[in-house]
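Analysis of the macromolecular model
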Amino acid sequence: MTPRRNTATSEVRIPEPALEAVDRIRETGETHIWWWPLGTRTDPADYAVLDDVERGRAQRFHAEADAAAFTATRANARRAVARLLGIDPAHVAFGRRVCPGCGDREHGPPAVSHPPVPLAVSLSRTAGAGTLALRAGTWVGVDVEALRPVEPATLADVVLTATESAHVLGLPPGPARDAAFHRAWTRKEAVVKAVGLGLLGMPLNTLDVHPDQNGPVQVTHRYREEETHWQVTDLTLGDRWAASVARPDTGPHGPVHLHAPA
């Protein structure tokens, strides 16, 4: 493997396969989604893949199941990026971009910091499953939630717009209502993650994600005086979870590649 200099990264040399992979993803506009089941005990093989900072974070969890979920998510994310770029997982590192709201790096959106390639990433985990979204460029957001019985009436004012609430609460109690509520929730979370501002940017109950429509859907996010537009696609991870991915509603919209668990 003969690495070459990337002029955008000064002295850093990036392996040729990684540069070629990024070029292909940029040209096609494709988005990659990986997901994996999460157990309740930490796998030593996963722990070995983490860097020192991540191991420190894993050790600070009080519950073993939480530590296992974090460890598996970070380890599988490293493996997925490494496989896509044709490099060793040990050569993949995650960092953060500058927060678009305040300019702080401590809580900005996640990014692939090594190798320094222009890939946007987003991570999410819930009971039993973790996910990673990746595309070329700057912005992407993914969210996964375990399906469970909910009473949307108690959350409608906090999570749903008036239009969404009318749709969701208009469904009979049971699986259909639960699925509609989680569809709305994951779409909203995917968008606010993609924007990079989280809940500081726009309250969920003002963000309309059209849960009455099959995806993809176009969603408008407003922050201060700025509007951004997103394409949101629902993901099928089985019958236990709801999941969605958001990407900018500009440029080439290539396929969404959903990678099954290894």
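Residues numbered from 1 in each chain as written. Predicted model: local features only at pLDDT ≥ 70, side-chain atom pairs only at ≥ 80, totals over all residues. Heavy atoms only, no water.

Considering the pattern of salt bridges
Scanning all chains against the criterion turns up 12 salt bridges. A salt bridge links Asp143 to Lys193; its shortest N-O distance comes to 3.5 Å. Of this pair, Asp143 sits in strand β8 (residues 141-146) while Lys193 is found in helix α7 (residues 175-195), placing the two residues 50 residues apart along the sequence. Classification of Lys193 by relative accessible area gives partly exposed; the value is 26%. Linking Arg222 and Glu227 is a salt bridge whose minimum nitrogen-to-oxygen distance equals 2.9 Å. (Salt bridge = Lys/Arg side-chain N within 4 Å of Asp/Glu carboxyl O. Helix = DSSP H or I, 4+ residues; strand = E, 2+ residues; numbered from the N terminus. Buried < 20%, exposed > 50% of the residue type's maximum accessible area, 1.4 Å probe, protein only.)

A closer look at the nonpolar core
Judged by nonpolar contacts, the single largest core of 27 residues is most densely connected at Val81, Leu85, Leu119, Leu132 and Leu134. The dominant element in this core, judged by the number of residues it contributes, is helix α4 (residues 64-85), at 8 residues. When near neighbours in sequence (up to four residues on either side) are disregarded, Val81 contacts Val92, Phe94, Val112, Leu132 and Leu134. Within the second largest apolar cluster, 25 residues are counted, among which are Leu160, Val195, Trp230 and Ala246. (Core = buried A, V, L, I, M, F, W, Y, C linked by side-chain atoms within 4.5 Å. Contact = heavy atoms within 4.5 Å.)

Some thoughts on the side chain of Thr233
Relative to the helices and strands, Thr233 is located in strand β10 (residues 226-235). Thr233 sits in the buried class, given a relative accessible area of 14%. Once you skip the residues sitting within four places of it in the chain, Thr233 turns out to touch Pro216, Ala243, Ser244 and Val245.

Side note on the sheet that holds β10
Judged by pairing direction, the sheet is antiparallel, and its 4 strands sit side by side in the order β8-β11-β10-β9 without closing on themselves. Two strands lie at the open edges of the sheet, namely β8 and β9 (217-223), each paired on one side alone. The sheet shows a mean angle of 30° between the axes of neighbouring strands, direction not considered. Direction of pairing for β9 relative to β10: antiparallel, over a ladder of 7 bridges. Counted as the bridge partner of Val217 is Val232 from β10. Packing of α7 onto the sheet brings it into contact with β8, β9, β10 and β11 (241-248), and relative to β8 it is tilted by some 150°. (Pairing = 2+ DSSP bridges. Axes fitted to C-alpha atoms, helices over the stretch in contact; angles between N-to-C directions.)

Some words on the packing of aromatic side chains
By the definition in use, this model includes 3 aromatic pairs. Centroid distance Phe181 to Trp185: 5.4 Å. Interplanar angle 75°. Geometry classified as edge-to-face. Here Trp185 and Phe181 lie together in helix α7, a separation of 4 residues that amounts to about one turn. Exposure class is identical for Phe181 and Trp185. Each is buried. (Phe/Tyr/Trp six-rings, centres within 6.5 Å; stacked < 30°, edge-to-face > 60°.)

Considerations on unusual backbone geometry
Cis geometry marks the peptide bond from His114 to Pro115; its omega dihedral reads -5°. Its location among the elements puts Pro115 in the loop between β5 (110-114) and β6 (119-126). Unlike most non-glycine residues, His210 shows phi in positive territory, near 55°. For His210, the location among the structural elements is in the loop between α7 and β9. The class for His210 is partly exposed, based on a relative accessible area of 22%. For Arg224, which is not a glycine, the phi torsion comes out positive at approximately 55°. Counting through the fold element by element, Arg224 comes out in the loop between β9 and β10.

Quick notes on the confidence of the model for the protein
In this model, the protein carries a mean pLDDT of 88, and residues with pLDDT of at least 70 account for 92%. Ignoring residues within four places in sequence, the model shows residues 1-10, a span with pLDDT below 50, making 22 contacts including any to other chains. (pLDDT = per-residue confidence, 0-100.)

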